[in-house]
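# Examination of the molecular architecture
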Amino acid sequence: MRAISAILLLAPLAAHGQQDSLGKVAESPQRRAFLALAQAAGGHCVAAMPDLAKQFAETPEPELRRLAGLALSQCDLAQGHYDEAVPVLARLKTLYPGDADVLYQTARLHMRAWNDTLFEMYRKAPSSYRVNQISAEIFEIQGRYAEAAAEYRKAIEKNPAALDLHFHLGRALLLQSHSPEDLGLARREFEAELNLNPADAVAEYEIGQILLTGQDSAAAVKRFERAASLDPAFAEALQAVAKARMDAKQYGEGIALLEKVVRLQPGNESAHYSLMLAYRNAGRTADAAAEQAALDKLRQAPEGEFTDFLKRLGDKAPQQ
Amino acid sequence: MIRSAILLLSVLLMAATPAADFHPDFHNVAHQAGLTQSFPNGGGQSKQYIVETTGSGAAFLDYDNDGLLDIFLVSGPGGTNRLYHNLGNGKFADVTKQMGLEHTGWGQGVCAGDFDNDGYTDLLVTYWGQNVLYRNKAGRGFEDVTAKAGLKQDRVRYNTGCAFLDYDNDGHLDLFVVNYLQFDFATTPKPGQNAYCWYRDLPVACGPRGLPFDRNILYHNNGDGTFTDVSIASGIAKPAHNYGLGVLTGDFNHDGLTDIYVACDQTPSILYINRGDGTFVDEAPMRGTAFDDNGNALSGMGAAAGDYDGDGWPDIFRSNFSDERETLYHNRGNGEFDDATLAAGMALNTRFVGWGCGFFDFDNDSWQDLLLVNGHVFPEVDRLGIDVHYKDRAILYHNTGKGKFVDISESAGPGILEKHSARGAAFGDYDNDGNVEVLVNNQNEPPSLLRQSGKPAGNWVLLKLVGVKSNRSAIGARVRLTAGGLTQIGEVRSGGSYLSQSDLRLHFGLANARRIDKVETWWPSGERQVEQVEKDLPVNRVITIRESQ
């Protein structure tokens, strides 16, 4: 909104400049920029874009560069030049990290590109299994898991050898219902995924989780171990193996695994929590306390606009 | 100091022989028992505010010392709390008015204890608004002594769980009150008005996220019928970012001091460890009871304690929200806990919103089983057509004796399968037949009274403890009972479950054992008392144990 407001504010000034002699305008880069911004705001992108591009590339003035970049990317989007908008927005994100207008414009770019591509897909390849797959993924995002599962099944019927479909179907089955019976159905899909791709560490992990829920911890641990061997940086799998080691009182091995997870993912609260309890159970009190301190720090929400908003809503200090 | 005492035998019942494969058959006998009044609690089709979602509690207590458990139920506005007197023939009579207990408001929880040590059990009822302390006048009526006792609050508070406890072991019951959050009708947004007022695309009552936190309260009993708020000095007020609901007291680390566990909604649960100098510190994260196994803070509602694996240490169960597992914390033997939910076989019931809960030995096989009652917070959820419902059945877990539970809800009788939006649940043997019954407060419906139609074969005993140097209710007394080669533990506690009060007597299933070998009691006064039985002693009775002088 800030960009549009700025453009609107600049518009009368630029429009006034437009009424001066063209020669004068041409003499001042700043005036040319204002004129281009006004033209872009008025929908005259073809006329505006050369000057916007030049200003975005050359002007030393940060706010003018920002406005020029935003207007340029907006014109690219308006004209369907998504490929050209991409580098502009990428540079804007680098120059103005966290800027709401830049992020908004970037989101619009991806949304437009997504919509156009999806439309093209439905139009040109309506019977492809990919249409069912993308439909299923959309249903998943909407929380309509039963419909997602139905679409995944259609996709599998069309292309039984395609990777990821069984995995996603298994996941949708887990999300669609709380029924213990569906655990078996989901497991069947994860197994089918593994038949297609024996190196799928996440499918192994999901089967491990199902086995664990069903009280077969010995079989579950084997699955977690295999998942971790397939992907040595798979934090959840490493953590699951570590918990099994701790349950077996193999504290040294369990702690070593958890320390590895924390090294891999220093911001992983769950890993810090597991490591804290592992140290505690092993009698390493000081290390446990250090992990608790690390966990407490992570659990403090990062400062920022959203955090402030939350604080206003819920984090008021209680009255005594 | 070890002393012996006399076993006072009260009610003698027939001995039984255990059967290997007993199947419970729970029926809801509330109507036949005379519990026909409905207990309103906000909207039944939709709810505008969070205060409509959390009530209310239930209690079993023997207010007139006739040896029979009476019933007290808390109500939301539009009704009154009710006291029902146990007539001894399976029926109850509404004595609310004559006992001076009529009261309306946003009633939440109830807890019982003899705060003035006069031998009669008193009551505290918590409210969104102002709590009420009722002094029991020798079983002939109740007197509102809130103001006289110094319990008038300086502002409207959202009081939820409560428990009497003797945290300083001075022989006088102190009082702990959980506060959920700060709420008022004027400033709280309506359904859908902000991001915290939605559930699965449905506009619903806002909160708890988005509403200001509040802090819990500890009142010290001055011994003269009055209390002093010691929340700040004791450290109870310190945890200030938690939405507390149910409270569970107990000596979780066996140091002779009562600790306090608070089940918290959407925030880490609290375990106040009693330091013995009048102060408490929240050690829940390090002791393993704040989060689930993955370090996530769940939506805790109710909590119960019991030694489910027979290792002599109290474990903790906490009921949670839908899409979360229930949580079973196994006590490692020093007041430190591991999340044993998965290992114990409790990971499958994730569609329920759980509330009242309790360990009890329904088949008297000497292993603690567990029951929890359920019901979603939002009536609107039924519009979604999913497997999560506003009214739902209870869950009954059978303890197989190997640290594992089996969900037998579907085959445990129609009482378990009835669907209600249940909240508080109290456990007690109201007919002294050795089978524990369950009283459930259902939102906007009459309560449920779950009773087994058959009789489990195992033997049993009910221990009624009477404090002398310790508080008269013996709250905080711990018992270790040995029979048939098995040792079980129990602790007298006020409050617990979800905003409810269970029988202050301790029930033990004894399986095949036909005698009790030993009962050891650790009184809050510090005394250890041992009843050693010299000869075969018939079981299946109520035994009163009085603290040695």
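You'll find the structure just up there.
Reference entry: report on the structure contained in this document. Just so it is clear, the model here is predicted, and its values are computed rather than measured. (Residues numbered from 1 in each chain as written. Chains lettered and ligands numbered in written order. Predicted model: local features only at pLDDT ≥ 70, side-chain atom pairs only at ≥ 80, totals over all residues. Heavy atoms only, no water.)

Opposite charge on two side chains makes pairing possible when the charged atoms of those side chains draw close. All names here are of chain A. Taken as a whole and judged by the stated rule, the model has 44 salt bridges over all chains. Put simply, Glu120 and Lys124 hold a salt bridge, and the shortest N to O gap is 3.1 Å. One end of the pair, Glu120, and the other, Lys124, are both in helix α7 (residues 100-124), four residues apart, so they sit about a helical turn from each other. Accessibility expressed as a relative area gives 57% for Lys124, which makes it exposed. Where salt bridges share partners, they join Arg187, Glu191, Glu204, Arg223 and Arg226 into one cluster. (Salt bridge = Lys/Arg side-chain N within 4 Å of Asp/Glu carboxyl O. Helix = DSSP H or I, 4+ residues; strand = E, 2+ residues; numbered from the N terminus. Buried < 20%, exposed > 50% of the residue type's maximum accessible area, 1.4 Å probe, protein only.)

Residues and elements named next belong to chain B. Within the open sheet, the four strands sit side by side as β3-β32-β31-β30. Their pairing is antiparallel. Only two strands of the sheet have a single partner each, and these edge strands are β3 (26-28) and β30 (422-428). Direction aside, neighbouring strands of the sheet carry axes that sit 25° apart on average. Examined bridge by bridge, strand β31 (residues 437-442) and strand β32 (residues 448-452) share three bridges and lie antiparallel to one another. Directly across from Val440, in β32, lies its bridge partner Ser448. (Pairing = 2+ DSSP bridges. Axes fitted to C-alpha atoms, helices over the stretch in contact; angles between N-to-C directions.)

Moving on: the state of the cysteines. All names here are of chain A. Throughout the structure, instances matching the rule amount to three disulfides over all chains. The disulfide that involves Cys45 links it to Cys75, with 2.2 Å between the sulfurs. Its torsion about the S-S bond being -80°, the disulfide of Cys45 and Cys75 is classed as left-handed. One end of the pair, Cys45, is in helix α4 (residues 45-58); the other, Cys75, is in helix α5 (residues 62-78), with 30 residues separating them in the sequence. In terms of burial, Cys45 and Cys75 fall into one category: buried. Once the disulfide-bonded cysteines of chain B are ranked by sequence position, their pairing pattern turns out to be 1-2, 3-4. (Disulfide = S-S within 2.5 Å.)

A cis amide bond, omega 5°, links B:Gly55 with the succeeding residue B:Ser56. Tracing the backbone shows B:Ser56 in the loop between α1 (30-33) and β4 (58-61). Following B:Gly207, the chain continues to B:Pro208 via a peptide bond in cis, the omega torsion being 0°. As for its position among the elements, B:Pro208 is in the loop between β15 (202-203) and β16 (217-221). One non-glycine residue, A:Lys249, lies in positive phi territory at about 60°. Backbone geometry at B:Asp201 places phi at a positive 70°, although glycine is not the residue there. By the secondary structure assignment, B:Asp201 is in the loop between β14 (198-199) and β15.

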